Amino acid sequence: MVALDPTDLAILKVLARDGRITKAALAEAVGLSPTPCWNRLKRLEKAGVIEGYGARFDLRKLGPSVTVFVAVEIADHTAASFRIFEDALSRYDEITGCWALGGGYDYLMQVVTRDIDAYQRLMDVMLDARIGLSRYFTYIVTKPVKGGPPPLGLIAGEE
């Protein structure tokens with residue numbers, strides 16, 4: 001865990017909203033001069049707190065797509081089986097997120113495909129690949145309701 005002070009948190013919050021902000025504008029937004037702000041930013045990157053920078057997309061403007069959440073059960077609950085399944089996920093670009101779960105299901109995957117047919121083809125391929133997938137439950141996203149950065153202040157213990 002990396003110790004963060006209020007200024008570090010302020011930097012992260014600004015970057016979560018605007019990853020393309022200039023260094024000068026970031027420094028101004030958090031009340032620092034550019035050099036100390038830059039040093040803090042580099043420290044956060046080196047410590048792995050900031051993993052990278054990217055863009056958010058409105059998929060509706062790119063063409064038809066469907067987002068699906070898939071609750072997954074694997075057949076065998078051994079460490080080797082979990083590794084096989086997890087390692088296999090890198091072969092499927094359509095899987096944009098996957099989380100191991102405690103409770104009833106083993107994993108929750110986020111899948112983005114062009115349409116439901118493409119989603120079903122992906123699942124058929126995964127079933128045929130013998131990666132340990134035994135059952136899956138499909139939850140189709142009908143509309144995005146809320147998105148955004150994680151609550152950095154709450155996670156860091158800020159009140």
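None of the values given here were measured: they were computed from a predicted structure. (Residues numbered from 1 in each chain as written. Predicted model: local features only at pLDDT ≥ 70, side-chain atom pairs only at ≥ 80, totals over all residues. Heavy atoms only, no water.)

1. Structural notes on the overall build of the protein
For step 1, the next point in the chain: If you tally the helices and strands in the protein, you get six helices and four strands.
For step 2, the next point in the chain: Starting at the N terminus and walking to the C terminus, you meet the elements of the protein as α-α-α-β-α-β-β-α-β-α.
For step 3, the next point in the chain: The C-alpha radius of gyration computed for the protein amounts to 20 Å, which surpasses the reference 15 Å derived for 159 residues by more than 25%, pointing to a less compact arrangement than a globule.
For step 4, the next point in the chain: Dimensions of the protein, computed from C-alpha atoms along their principal axes, come out at roughly 55 × 40 × 30 Å.
For step 5, the next point in the chain: Here the protein, with 159 residues, has 26% of them falling under the buried criterion.
For step 6, the next point in the chain: In the structure as shown, the protein presents an accessible area of about 10900 Å², 55% of it carried by carbon and sulfur atoms.
For step 7, the next point in the chain: The centroid of the 19 positive side-chain charges in the protein is displaced by 6 Å from the centroid of its 20 negative side-chain charges. (Helix = DSSP H or I, 4+ residues; strand = E, 2+ residues; numbered from the N terminus. Rg over C-alpha atoms; globule rule 2.2 N^0.38 Å. Buried < 20%, exposed > 50% of the residue type's maximum accessible area, 1.4 Å probe, protein only. Areas by Shrake-Rupley, 256 points an atom, 1.4 Å probe, with all protein chains shown as cover. Lys, Arg positive; Asp, Glu negative; His and termini not counted. Charge placed at Lys NZ, Arg CZ, Asp CG, Glu CD.)

2. Structural notes on the packing of aromatic side chains
For step 1, the next point in the chain: What the rule picks out here adds up to three aromatic pairs.
For step 2, the next point in the chain: Residues F85 and Y107 carry aromatic rings whose centres are separated by 4.7 Å and whose planes lie at 35 degrees to one another, so their mutual orientation is tilted. Taken together, the residues span a long stretch of sequence, with F85 in helix α4 (residues 79-88) and Y107 in strand β3 (residues 107-113) at a distance of 22 residues. Here F85 matches Y107 in class, with each residue buried. (Phe/Tyr/Trp six-rings, centres within 6.5 Å; stacked < 30°, edge-to-face > 60°.)

3. As for the packing of helix α1 (residues 6-17) against helix α2 (residues 23-30)
For step 1, the next point in the chain: Where α1 contacts α2, the two axes come as close as 9 Å, and the packing angle between them is 130 degrees. Comparing the axis directions of α1 and α2 gives the class oblique. As α1 packs across α2, the resulting crossing turns out to be right-handed. Taking contact as the criterion, the partners of A10, I11, V14 and L15 in α1 are, on α2, L26, A29 and V30. (Axes fitted to C-alpha atoms, helices over the stretch in contact; angles between N-to-C directions. Parallel < 35°, antiparallel > 145°, perpendicular 65-115°, else oblique. Left-handed = near helix turned anticlockwise from the far one by under 90°. Contact = heavy atoms within 4.5 Å.)

4. Comments concerning α2
Each α-helix turn comprises 3.6 residues. Residues three or four places apart therefore point the same way.
For step 1, the next point in the chain: Restricting attention to buried positions, one finds in α2 the residues L26, A27 and V30. Along the long axis of α2, the arc covered by the buried residues comes to 100 degrees, so they all point the same way. Of the exposed residues in α2, those oriented more than 90 degrees away from the buried face are E28 and A29.
For step 2, the next point in the chain: Of the surrounding elements, those touching the buried residues of α2 are α1 and α3 (34-46). (Arc of directions from axis to C-beta.)

5. Some remarks on the UniProt feature "domain: HTH asnC-type" (unreviewed entry) in the protein
For step 1, the next point in the chain: UniProt feature "domain: HTH asnC-type" (unreviewed entry): in the numbering of this structure it lies at residues 4-65.
For step 2, the next point in the chain: Between the first and last C-alpha atoms of residues 4-65 the distance is 39 Å; the span itself is 53% helix and 0% strand. (UniProt positions renumbered as here; feature names shortened; annotations may be inferred.)

6. Considering the packing of α2 against α3
For step 1, the next point in the chain: Running from amino to carboxyl end, α2 crosses α3 at an angle of 95 degrees, the nearest separation of the two axes being 9 Å. With respect to α3, the element α2 is oriented roughly perpendicular. Facing α2, whose interface residues are K23, L26, A27 and V30, α3 presents P34, C37, W38 and L41.
For step 2, the next point in the chain: Considering only residue class, the contact of α2 with α3 consists of seven nonpolar, no polar and one charged. (Nonpolar A, V, L, I, M, F, W, Y, C, P; charged D, E, K, R; others polar.)

7. Some details on a nonpolar patch on the surface
For step 1, the next point in the chain: Together, F57, L59 and L62 make up an exposed nonpolar region whose accessible area comes to about 350 Å².
For step 2, the next point in the chain: In this fold, L62 is placed in the loop between α3 and β1 (66-74).
For step 3, the next point in the chain: Relative accessible area serves as the criterion here: at 64%, L62 is assigned to the exposed category. (Patch = residues over 30% accessible without salt bridge, like charges linked within 9 Å, V, L, I, M, F, W, Y side chains within 5 Å. Salt bridge = Lys/Arg side-chain N within 4 Å of Asp/Glu carboxyl O.)

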